[in-house]
Amino acid sequence: MLIRSQNKEVLTNLNALAGIEIAEGPVKTVITSYITGCSYLLGEYSNKQKAVKVLDMLQKAYAEYEMLRGMSTGMGGIMVTYNTKMIVNELEKEIQEKTIFQMPEDSEVEVND
């Protein structure tokens, strides 16, 4: 699964990362990814609660992506009929949509107080 940074200038492979972290600053809270000594800014948020919410969204998207990928792998041996072809096509479309997680803008993240 790929993650596209908020400013759309960084595209990183989630499976290749050493980690993703939240860092609170004096003005903004940032989410960064890191691998082999390099760190990449993925997004800036007005508070830590919003940043945690974004990580929750990313976690959910990754779980859905992995589940869909597992389902598509398991369908390799089935006999293809018109109905199964429609299901496979729909599954492929869903996987493609979930392959890239776009980091949301601060204004797009809602947290419950």
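Now for a quick tour of the structure. (Residues numbered from 1 in each chain as written. Predicted model: local features only at pLDDT ≥ 70, side-chain atom pairs only at ≥ 80, totals over all residues. Heavy atoms only, no water.)

**Topic: the overall build of the protein**
Then, in step 1: Within the protein, the secondary structure is distributed over 2 helices and 6 strands.
Then, in step 2: Among the 113 residues that make up the protein, the fraction classed as buried is 27%.
Then, in step 3: Sequence separation of at least 24 residues holds for 51% of the intrachain contacts in the protein that already meet a minimum separation of 6.
Then, in step 4: Carbon and sulfur atoms provide 53% of the accessible area of the protein, an area that totals close to 7,500 Å². (Helix = DSSP H or I, 4+ residues; strand = E, 2+ residues; numbered from the N terminus. Buried < 20%, exposed > 50% of the residue type's maximum accessible area, 1.4 Å probe, protein only. Contact = heavy atoms within 4.5 Å. Areas by Shrake-Rupley, 256 points an atom, 1.4 Å probe, with all protein chains shown as cover.)

**Here's the deal with the environment of leucine 17**
Then, in step 1: Tracing the sequence through the fold places leucine 17 in the loop between strand S2 (11-13) and strand S3 (19-24).
Then, in step 2: Distance in space between the C-alpha atoms of leucine 17 and isoleucine 35 is 5.1 Å, their sequence separation being 18 residues.
Then, in step 3: Excluding anything up to four places from it in sequence, leucine 17 contacts Ile3, Thr12, Ser33, Tyr34 and Ile35.

**Observations concerning unusual backbone geometry**
Then, in step 1: Unlike most non-glycine residues, lysine 8 shows phi in positive territory, near 70°.
Then, in step 2: A positive phi is found at threonine 36, a non-glycine position, where the angle reads about 40°.
Then, in step 3: One can find threonine 36 in the loop between strand S4 (29-35) and strand S5 (38-45).

**Some points on the pattern of salt bridges**
Then, in step 1: The full count for this structure, using the stated rule, is 1 salt bridge.
Then, in step 2: Between lysine 50 and aspartate 106 there is a salt bridge; the shortest N-O distance is 3.2 Å. Here the residue lysine 50 occupies a position in helix H1 (residues 48-74), and aspartate 106 occupies one in the segment after strand S6 (100-102), the gap between them amounting to 56 residues. Each member of the pair lysine 50 and aspartate 106 is classed as buried. (Salt bridge = Lys/Arg side-chain N within 4 Å of Asp/Glu carboxyl O.)

**Re the sheet that holds S5**
Then, in step 1: Strands sit in the order S3-S4-S5 across an open sheet of 3 strands; the sheet is antiparallel. Edge strands, defined here as strands with exactly one partner in the open sheet, are S3 and S5. Averaged over all pairs of adjacent strands, the angle between strand axes in this sheet comes to 25°, irrespective of strand direction.
Then, in step 2: The pairing of S3 with S4 spans 6 bridges and is antiparallel. Across the sheet, the residue bridging to isoleucine 20 is serine 33, located in S4. (Pairing = 2+ DSSP bridges. Axes fitted to C-alpha atoms, helices over the stretch in contact; angles between N-to-C directions.)

**Remarks on the nonpolar core**
Then, in step 1: Met1, Ile3, Ile31, Tyr45, Val54, Phe101 and Met103 are the most contacted members of the largest nonpolar core, which totals 18 residues.
Then, in step 2: Counting only elements with at least two residues in this core, the list comes to S5, H1 and helix H2 (82-98).
Then, in step 3: The dominant element in this core, judged by the number of residues it contributes, is H1, at 6 residues.
Then, in step 4: Residues within four places of valine 54 in sequence aside, it is in contact with Ile31, Tyr45, Phe101, Met103, Pro104 and Val109. (Core = buried A, V, L, I, M, F, W, Y, C linked by side-chain atoms within 4.5 Å.)

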